[in-house]
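The primary structure of each chain is shown beneath.
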Amino acid sequence: MADQGGVTRPIERPLASSRRLSVTIPCYNEEAGLPELYRRVTATCQDVVGQDYELILVNDGSRDRTWDFIKSLSERDPHVVGVDLSRNFGHQAALTAALTLCSGERIFVLDADLQDPPELLGAMMAAMDEGADVVYGKRRTRAGETMRKKITAKIFYRVLASLIDFDIPTDAGDFRLMSRRVLVALLSMPEAHRFIRGMVSWIGFRQVALEYDRQSRFAGETGYTFAKMINFALDAITAFSAKPLRLGLYAGVALLGLSWVGILYSIISWLFFSTQPGWTSLIIVVMFMGGAQIFMLAMVGEYVSRTFVQTKGRPLYLLREIVGGTGAPPAS
Ligand code: UDP
Ligand code: MG
């Protein structure tokens, strides 16, 4: 079907031919910042690669005039490819749409809010010229983000790193430059719950960090609600580690050991002392066991629900429209 997209069923778009560079940007309610984004990204691209680039802007079901702006850009500028999703599918799915449709030999992944300076492209391209396959931005500082976001992000990336068996950079987002062979590997991974920065780390090859200071949003507000962040964190952990399931094993063994002590204690009390009604200890045991069981059940449920979604094999997003970008690349 022509209007279905997804990693398992990639949609074809009429490609002129491959560009040297693709810039992929998911946009959700970003109308206020888009003109400035376009200006800075265009200036940087022309500076670094001349005319041989494309700008893929994906509208992830925005409620403002983001799509109108993208569409008008694509009419004015042949570098711009606008992609409209049928509704809001979330950051990672929108980015996957852009990555599936892009044609560049190198792929620059950027957020729409200018928190990550596009001007670092030059330095990233230079690192790739020296043999890197992935150059990722590592946040030295994060301006304009709430204390809660900074702390939860710090804890999350460290917990994640301790749970998985390969290196995943802490303090890095999706802001990065990738080679085509890394992208091909990424698109060959069919998982529905996508934690793209983790998947790229898993792929390997030569990955190098480029430190930078993260800015505050240029305009608009974050599209990540607290609930979306929790979802994102659970996707990341369950996608890369089965260790949380093993928590149940450890807890079970420990509780079993403890219960032997309890049994011994109650038998000795029964034999040699007058036994107490024992309400307090009973309640403690019941509550603790109940809590432990529900926690582990919920943990199992997280994996089961993801298996369920994966077995359905639905496309990750649906496309409404693709505009622009069909002009032949300049002979350069
Ligand atoms: N975004 C999206 N869909 C969403 C939420 C966010 O495409 O449902 C985009 C958003 O426009 C931005 C990027 O994903 O380009 C990162 O989102 P945001 O800046 O809101 O996240 P934060 O930087 O606060 O983590
Ligand atoms: Mg942001």
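To start, this report covers the structure provided alongside it. (Residues numbered from 1 in each chain as written. Chains lettered and ligands numbered in written order. Predicted model: local features only at pLDDT ≥ 70, side-chain atom pairs only at ≥ 80, totals over all residues. Heavy atoms only, no water.)

### Quick look at the overall build of the protein chain
Phase 1 of the analysis: The secondary structure content of the protein chain amounts to 10 helices and 9 strands.
Phase 2 of the analysis: For the protein chain, the C-alpha atoms occupy an extent of roughly 95 × 40 × 35 Å along the three principal directions.
Phase 3 of the analysis: Buried positions account for 44% of the 332 residues belonging to the protein chain.
Phase 4 of the analysis: Put simply, of all contacts in the protein chain between residues at least 6 apart along the chain, 84% involve residues at least 24 apart.
Phase 5 of the analysis: Carbon and sulfur atoms provide 63% of the accessible area of the protein chain, an area that totals close to 17200 Å².
Phase 6 of the analysis: Counting 36 positive and 34 negative side-chain charges, the protein chain places the centres of these two groups 5 Å from one another. (Helix = DSSP H or I, 4+ residues; strand = E, 2+ residues; numbered from the N terminus. Buried < 20%, exposed > 50% of the residue type's maximum accessible area, 1.4 Å probe, protein only. Contact = heavy atoms within 4.5 Å. Areas by Shrake-Rupley, 256 points an atom, 1.4 Å probe, with all protein chains shown as cover. Lys, Arg positive; Asp, Glu negative; His and termini not counted. Charge placed at Lys NZ, Arg CZ, Asp CG, Glu CD.)

### Let's talk about the packing of aromatic side chains
Phase 1 of the analysis: Here the structure, examined in full by the defined rule, presents 8 aromatic pairs.
Phase 2 of the analysis: Ring geometry for F108 versus F175: centroids 5.7 Å apart, planes at 50 degrees, classification tilted. Pair noted here: F108 is in strand β5 (residues 106-109) and F175 is in strand β7 (residues 172-179), with a separation of 67 residues, a long-range link. Neither F108 nor F175 differs from the other in exposure class; each is buried.
Phase 3 of the analysis: Ring pairing ties together the aromatic residues F156, Y157, F166, F195, Y224, F232 and F240, which thus form one cluster.
Phase 4 of the analysis: Here R181 stacks its cationic end above the ring of F205, 4.1 Å away from the centre of that ring. (Phe/Tyr/Trp six-rings, centres within 6.5 Å; stacked < 30°, edge-to-face > 60°. Lys NZ or Arg CZ within 6 Å of the ring centre and 35° of its normal.)

### Remarks on unusual backbone geometry
Phase 1 of the analysis: For L114, which is not a glycine, the phi torsion comes out positive at approximately 60 degrees.
Phase 2 of the analysis: By the element assignment, L114 lies in the loop between β5 and α4 (121-129).

### Examining the coordination of the magnesium ion (ligand 2)
Phase 1 of the analysis: The protein atoms that coordinate the magnesium ion (ligand 2) are D113 (OD) and Q115 (OE1), at distances spanning 1.9 to 2.0 Å. Each of the two residues, D113 as well as Q115, counts as buried. (Donors = N, O, S within 2.8 Å, 3.2 Å for Na, K, Ca; no water.)

### Observations regarding the site of ligand 1
Phase 1 of the analysis: Around ligand 1, the surrounding shell holds 20 residues, and the nearest of these are E30, D60, D113, T222 and G223.
Phase 2 of the analysis: Contacts to ligand 1 include H91, whose backbone N or O atom sits 3.4 Å from a nitrogen atom.
Phase 3 of the analysis: For ligand 1, an oxygen atom lies 2.9 Å from a polar atom in the side chain of R217.
Phase 4 of the analysis: Relative to its free-state accessible area of 530 Å², ligand 1 is covered by the protein chains to the extent of 95%.
Phase 5 of the analysis: For the shell around ligand 1, the elements supplying multiple residues, two or more each, are β2 (21-27) and α3 (91-101). (Near = heavy atom within 4 Å. Polar contact = N/O pair within 3.5 Å; in protein donor to acceptor, adjacent residues only side chain to side chain.)

### Regarding the side chain of E36
Phase 1 of the analysis: When you line up the elements, E36 lands in helix α1 (residues 34-49).
Phase 2 of the analysis: Ignoring any residue separated from it by four or fewer positions in sequence, one finds E36 in contact with L114 and F218.

### Examining the pairing of strand β4 (residues 80-85)
Remember that side chains alternate between the two faces of the sheet whenever the strand is regular.
Phase 1 of the analysis: Burial analysis of β4 places 6 of its 6 residues in the buried class, which makes it a mostly covered element.
Phase 2 of the analysis: Neither face of β4 is open: one carries V80, G82 and D84, the other V81, V83 and L85, and all of them are buried.
Phase 3 of the analysis: Bridge analysis of strand β3 (residues 53-59) against β4 gives 5 bridges, and the strand direction is parallel. By the bridge assignment for β4, L55 is matched with V80.
Phase 4 of the analysis: Remark: the β3/helix α2 (residues 66-76)/β4 crossover connection has right-handed handedness.
Phase 5 of the analysis: Sheet analysis places β4 next to strand β9 (residues 317-323), joined by 4 bridges and oriented antiparallel. By the bridge assignment for β9, V83 is matched with I322. (Pairing = 2+ DSSP bridges. Right-handed = clockwise from strand over helix to strand, strands pointing away.)

### Let's talk about α3
Phase 1 of the analysis: Of all 11 residues in α3, 11 are buried, a share of seventy percent or more.
Phase 2 of the analysis: Taken as a whole, α3 has its buried residues at H91, Q92, A93, A94, L95, T96, A97, A98, L99, T100 and L101.

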